[in-house]
Amino acid sequence: ALFFTGCESFSPIKAFKDKDKQDSLSRVLHSYELTVRWGELSQIYSFLHPDLAKEAKIQDNLNNIRVTSYEVVKGPAGVSEYQAIQTVKILYIFNDRQVQKTLMDNQEWTYDDKKREWRRTNPIPRF
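All chains use their own residue numbering, which begins from 1 and follows the written sequence. Only residues with pLDDT of 70 or above have their local features reported here, since the model is predicted, and side-chain atom pairs are shown and tallied only from 80 upward, although totals for entire chains, interfaces and linings are computed over all residues. Heavy atoms from the whole structure form the basis of all side-chain values; hydrogens and water molecules are not counted.

A word on the layout of surface pockets. In the cavity and pocket records, a cavity denotes points on a 1 Å grid over the protein atoms alone where a 1.4 Å probe fits but cannot get out, a pocket denotes an open set with protein on both sides within 12 Å along at least 5 of 7 lines, and lining residues are residues with an atom within 4 Å of a point. Grid points are joined across faces, edges and corners, and a volume is the space filled by probe spheres set on the points. Within this model, the largest pocket holds a volume of roughly 190 Å³. As for the largest pocket, its lining consists of Val36, Arg37, Trp38, Gly39, Glu40, Leu41, Ser42, Leu62, Asn63, Ile65, Arg66 and Val67. Secondary structure elements follow DSSP: runs of H or I no shorter than four residues count as helices, runs of E no shorter than two count as strands, and numbering proceeds from the N terminus. At the level of elements, helix H1 (19-38) and strand E1 (65-80) are the ones that each hand at least two residues to the lining of the largest pocket.

Shown next as structure tokens:
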């Protein structure tokens, strides 16, 4: 919640001084979106920072979920040169119940200079 205060809107020119870093963020966020919307939901855990991934438990019922919508409602916004956030609204149904649910996903992303990649640094929400 602290990340959301005082952040300016994402702008390709203002958010990051390094264009490669900004392009890399755009690619990883798009890849994450495609994985959530059209891929195997269990694969979203591969976007986690390694330290967080060690502790993460993949949710059991992900194969019973079909995502029907993925909408960015806020962001992405640069918090610092190495951090970004965005809020996404995900609509999904349980295949066995045909009940639609809504999930707000507040994503935090951190850039690793050594590996030159962005990783999600907060837990994957439960569907």
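Next comes the rest of the write-up.
Once that is clear, we can look at the pairing of strand E4 (residues 117-120). Pairing between two strands requires that DSSP report at least two bridges joining them. Two elements, strand E3 (residues 99-112) and E4, share 4 bridges in a ladder whose sense is antiparallel. By the bridge assignment, tyrosine 111 is partnered in E4 with tryptophan 118. The hairpin formed by E3 and E4 contains 4 residues between the paired strands, and arginine 116 there has a positive phi angle of roughly 55°.

Salt bridges are defined as contacts in which a side-chain nitrogen from Lys or Arg sits within 4 Å of a carboxyl oxygen from Asp or Glu. The final tally for this structure, using the stated rule, is 6 salt bridges. In this structure, aspartate 23 and lysine 19 form a salt bridge, with 3.0 Å as the shortest nitrogen-oxygen distance. Placement of both aspartate 23 and lysine 19 in helix H1 is noted, with a separation of 4 residues, approximately one turn of the helix. We classify lysine 19 as exposed; its relative accessible area is 53%. Two residues, aspartate 105 and arginine 120, come together in a salt bridge whose shortest N-O distance is 2.6 Å. Here arginine 120 lies in strand E4 and aspartate 105 lies in strand E3, a separation of 15 residues in the sequence. Classification of residues uses two cut-offs on accessible area relative to the type maximum, computed with a 1.4 Å probe and protein chains only: under 20% is buried, over 50% is exposed, and between them is partly exposed. The class for arginine 120 is buried, based on a relative accessible area of 1%.

Multiplying 1.5 Å by the residue count of a helix minus one yields the expected span of that helix. Under the 1.5 Å per step criterion, the end-to-end length of H1 is 28 Å for 20 residues, consistent within 8% with the ideal 28 Å. Where H1 is concerned, the buried positions are Lys21, Gln22, Ser24, Leu25, Val28, Leu29, Tyr32, Thr35 and Val36. Down the axis of H1, the sector holding all buried residues measures 160°, keeping them to one side. Facing away from the buried side of H1 by more than 90 degrees, the exposed set consists of Lys19, Arg27 and Trp38. The arc in question is the one spanned by the directions pointing from the helix axis to the C-beta atoms.

Confidence scores here are pLDDT values: one per residue, from the predictor, ranging 0 to 100. Predicted confidence across the protein gives a mean pLDDT of 88, with 87% of residues reaching 70 or more. Across residues 1-14 the pLDDT falls below 50, and counting only partners more than four positions away or on other chains, this stretch makes 23 contacts in the model. Between two residues, a contact is recorded if the distance between any of their heavy atoms is within 4.5 Å.

Right, let's get into the nonpolar core. Counting residues in each nonpolar core, the largest one holds 25 residues, and the members touching the most others are Tyr32, Val36, Ile90, Tyr92, Trp109 and Phe127. When contributions to this core are tallied by element, the ones reaching two or more residues are H1, E1, strand E2 (83-94) and E3. When near neighbours in sequence (up to four residues on either side) are disregarded, tyrosine 92 contacts Ile65, Arg66, Val67, Thr68, Val99, Gln100, Lys101, Thr102, Leu103 and Phe127. To form a nonpolar core, buried Ala, Val, Leu, Ile, Met, Phe, Trp, Tyr and Cys residues must be joined to one another through side-chain atoms within 4.5 Å.

The subject of this paragraph is the side chain of arginine 119. Note on placement: arginine 119 falls in strand E4. The term polar contact refers here to a pair of N or O atoms within 3.5 Å; inside protein, the definition further demands a hydrogen-donor-capable atom paired with an acceptor-capable atom, and it admits residues adjacent in sequence only when both atoms are side-chain atoms. Side-chain polar atoms of arginine 119 contact the backbone oxygen of serine 46, separated by 2.5 Å. If we skip the residues at most four places from it in the chain, arginine 119 touches Ser46, Phe47, Leu48, His49, Glu108, Trp109 and Thr110.

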